[in-house]
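The lines below spell out each chain.
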Amino acid sequence: MKKNTTFVSFLLDETGSMQSIKSDTVGGFNAYVDTLQKDGADIVFSLVSFNSHETRPRYVAEPIDTIEPLTDDTYRPRAMTPLIDAAVTIINATEDAVTKRDDDPNVVIVVQTDGQENASVEYTRADLAALITEKEAADWQFVFLGAGLDAFDAARSAGFRIDRDKTVSYDRGYSADVFRETAKNSVEFLKSGKDDFLNYSPSQRAKVRDKRAT
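Residues numbered from 1 in each chain as written. Predicted model: local features only at pLDDT ≥ 70, side-chain atom pairs only at ≥ 80, totals over all residues. Heavy atoms only, no water.

Chemist: I would appreciate a short explanation of the nonpolar core in the present structure.
Modeler: Judged by nonpolar contacts, the single largest core of 34 residues is most densely connected at Phe10, Phe29, Tyr32, Leu36, Phe45, Leu47 and Leu145. Among the elements of the structure, strand S1 (5-13), helix H1 (22-39), strand S2 (42-50), strand S4 (106-113), strand S5 (141-147), strand S6 (167-170) and helix H5 (175-192) are those that each provide at least two residues to this core. Among the elements that make up this core, the one with the highest residue count is H5 (six residues). Not counting chain neighbours up to four residues away, the residues in contact with Phe45 comprise Val8, Phe10, Phe29, Tyr32, Val33, Leu36, Tyr59, Val60, Ala61, Glu62, Ile64 and Ile67. The next biggest cluster of nonpolar side chains, apart from the first, holds 30 residues, and it includes Leu11, Val107, Leu128 and Leu149. (Core = buried A, V, L, I, M, F, W, Y, C linked by side-chain atoms within 4.5 Å. Buried < 20%, exposed > 50% of the residue type's maximum accessible area, 1.4 Å probe, protein only. Helix = DSSP H or I, 4+ residues; strand = E, 2+ residues; numbered from the N terminus. Contact = heavy atoms within 4.5 Å.)

Chemist: Whenever I open this one, the sheet that holds S1 confuses me. Can you help?
Modeler: What holds strands together in a sheet is hydrogen bonding between their backbones, with the strands either parallel or antiparallel. What the six strands build is an open sheet, ordered S3-S2-S1-S4-S5-S6; its pairing is mixed. The open sheet terminates on both sides in strands that have one partner only, identified here as strand S3 (55-63) and S6. The average angle at which neighbouring strand axes cross in this sheet is 10°, direction not considered. Pairing between S1 and S4: seven bridges, direction parallel. Bridge pairing in S4 places Phe10 opposite Val110. In this fold H1 packs onto S1, S2 and S4, with an angle of close to 165° to the strand it touches most, S2. (Pairing = 2+ DSSP bridges. Axes fitted to C-alpha atoms, helices over the stretch in contact; angles between N-to-C directions.)

Chemist: Help me out: how do you make sense of the layout of surface pockets in this one?
Modeler: Empty pockets left among the atoms are what a rolling probe the size of a water molecule brings to light. By volume, the largest pocket is sized at about 210 Å³. Around the largest pocket, the lining comprises 16 residues; the ones closest to its centre are Leu149, Asp150, Ser169, Asp210 and Lys211. A total of four residues in the lining of the largest pocket trace back to one element, the largest contributor, which is S6. A class-by-class count of the residues in the lining of the largest pocket yields four nonpolar, three polar and nine charged. (1 Å grid on protein atoms, 1.4 Å probe; cavity = no way out; pocket = protein on both sides within 12 Å on 5 of 7 lines; lining within 4 Å. Points joined across faces, edges and corners; volume = space filled by probe spheres on them. Nonpolar A, V, L, I, M, F, W, Y, C, P; charged D, E, K, R; others polar.)

Chemist: I'm lost on the packing of aromatic side chains in this one. Help?
Modeler: Centre distance and the angle of the planes are the two values used to describe a pair of aromatic rings. In this structure the tally under the stated criterion is five aromatic pairs. Ring centres of Phe10 and Tyr32 lie 5.3 Å apart, and the angle between their planes is 65°; this geometry places the pair in the edge-to-face category. Pair noted here: Phe10 is in strand S1 and Tyr32 is in helix H1, with a separation of 22 residues, a long-range link. Ring centres of Phe29 and Phe45 lie 6.2 Å apart, and the angle between their planes is 55°; this geometry places the pair in the tilted category. (Phe/Tyr/Trp six-rings, centres within 6.5 Å; stacked < 30°, edge-to-face > 60°.)

Chemist: Just checking my understanding: could you explain the pattern of salt bridges for this structure?
Modeler: Oppositely charged side chains can pair when the atoms bearing their charge come close. Using the criterion set out here, one finds 16 salt bridges in the structure. A salt bridge links Glu14 to Arg58; the shortest N-O distance between them is 3.2 Å. Linking Glu14 in the loop between S1 and H1 with Arg58 in strand S3, this pair joins segments that are 44 residues apart in sequence. By relative accessible area, which is 6% here, Glu14 ends up buried. The class for Arg58 is buried, based on a relative accessible area of 18%. With a shortest N-O distance of 3.8 Å, Glu188 and Lys191 are connected by a salt bridge. (Salt bridge = Lys/Arg side-chain N within 4 Å of Asp/Glu carboxyl O.)

Encoded structure:
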């Protein structure tokens, strides 16, 4: 069922291995946000970037039209991958924002990474799995973007319970493309409220060189 407001929360990998695709990631993320802004829907947006030095909530439940583009100065990849800790952080921040409202918004959590979990110290795989199970029961949607790795394996290993159709393993050279395709899916979901629109089509997978498309 379509709801009036959508929470979009984006977890962005800012670890050292992202340095080689920094420019495409910055441009792709900015195109993603720009697409949501142009849609004109009632969207509140959160952005958390993460590495083993810092998991940083840059925005939490802010109106989409207030979100500023990333730049080379504000996106600085370094260090390792505390994927579990970062995922729990963005889910909890989103939950806190949702509970302060008196409506029942759609919620989409988008997770982007190019590496396996290797640095979390606060939460475990079991903690994240239980939290995601709870949120899926509340009809939250989860999308997982994996750069240059088996995204489904990386997601499952960390504790995510994510639909394969909402998981994409993209070639690192197609970083900007995967953000654009994800934005298209997000907009269709916003218009319809139907979670199938968050699924990646075979043509989208082919465009970003996902091996599932071959």
